[in-house]
Amino acid sequence: MRRLFTSVSSHREKMICRILLLIILPSCVCAAAFVVNVPQSSYQAEEGQSITLEWTFTAKPDSSWSSLLIFCELRTDDGGSYLYHVHEGDEVSESQEEHFAGRVQSDKDALREGRIRLHVSRLRTEDSGLYLCSVKNDYGSSSERCRLNVSAAADLSQPQRPTESPQPDKRGWIGLPISLGLTGIIVAEVLLIKFFSRRCFTNSTNRRANFRVIEQNPEGP
């Protein structure tokens, strides 16, 4: 009797183990088959620009849309900020942090294909950090991350310094009046020389004429 009882008990234990394996194994296989990936692990952008962050996950036609759960958040040294939340297939805008309000748009058509595409506009330098997206559905759960670096835009608000034109040499301006003055003196001297030369020539001519008259008439009447 004791051997029979031991044999029955051992048989029961084996049956229970087989049943547990049949229950656990499919769920393990499904969990292993469900993955979240990132087409691009790092993004670079400039302040004020827009960018599209993307994740892909395993989506099957027979999966229930109402079982889909998605959490996407920005992780920095200061903590985490939710930018996208889907609960039972519906977007929950109330979960979005004020920091991202009005700046994040999702592609719903891509979501049905197993792609999470988040278009973030008007980027800020504080948007830099690690973006983690966690996905769960009937087939399992997984998560993946990517990094975004937003650099400061070039500051165009400061007025540019006007280009200084080369100043004329002041010594040239000082020398100009001196040159004009010397030229005027020379011209005046030339005119005076001409004037006195002409006057002397006229006086000499008059004297010669008078001398000839005297020679022709040496004695008076």
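Calculation notes
- Residues numbered from 1 in each chain as written.
- Predicted model: local features only at pLDDT ≥ 70, side-chain atom pairs only at ≥ 80, totals over all residues.
- Heavy atoms only, no water.
- Phe/Tyr/Trp six-rings, centres within 6.5 Å; stacked < 30°, edge-to-face > 60°.
- Helix = DSSP H or I, 4+ residues; strand = E, 2+ residues; numbered from the N terminus.
- Buried < 20%, exposed > 50% of the residue type's maximum accessible area, 1.4 Å probe, protein only.
- Lys NZ or Arg CZ within 6 Å of the ring centre and 35° of its normal.
- Pairing = 2+ DSSP bridges.

Caption draft 1: Geometry of the packing of aromatic side chains. With the rule as written, the count across this model stands at 2 aromatic pairs. Note on F34 and F57: the rings are 6.5 Å apart at their centroids and 45° apart in plane angle, and the pair reads as tilted. Within this pair, whereas F34 is found in the loop between helix 1 (2-33) and strand 1 (36-37), its partner F57 is found in strand 3 (residues 51-57), the two being separated by 23 residues in sequence. With a centroid separation of 5.4 Å and an interplanar angle of 50°, the aromatic rings of F71 and Y82 are classed as tilted. Of the two residues, F71 sits in strand 4 (residues 69-76) while Y82 sits in strand 5 (residues 79-87), which places them 11 residues apart along the sequence. Look at F71 and you get partly exposed, because its relative accessible area is 29%. Note on Y82: relative accessible area 31%, which makes it partly exposed. Sitting over the ring of W65, R112 keeps its end group 4.6 Å from the ring centre.

Caption draft 2: Inspection of the pairing of strand 9 (residues 129-137) at higher detail. Across the 9 residues of strand 9, 7 count as buried, placing the element largely inside the fold. Inspection of the sheet shows strand 4 paired to strand 9 by 7 bridges, in the antiparallel sense. Each residue of the ladder has a partner; that of F71, found in strand 9, is S134. One ladder, built from 9 bridges, connects strand 9 with strand 10 (residues 140-151); its direction is antiparallel. Following the sheet pairing, Y131 is matched in strand 10 by C146. Once strand 9 ends, the chain turns through 2 residues before running back antiparallel as strand 10.

Caption draft 3: Region of the structure containing unusual backbone geometry. Positive phi values are uncommon outside glycine, yet E88 reaches one of about 55°. Tracing the backbone shows E88 in the loop between strand 5 and strand 6 (90-91). Exposure remark for E88: the relative accessible area of 47% places this residue in the partly exposed category. For R122, which is not glycine, the phi torsion reads 50° and is therefore positive. On the accessibility criterion, R122 (47% relative accessible area) is partly exposed.

That's the geometry; what it means functionally is another story.
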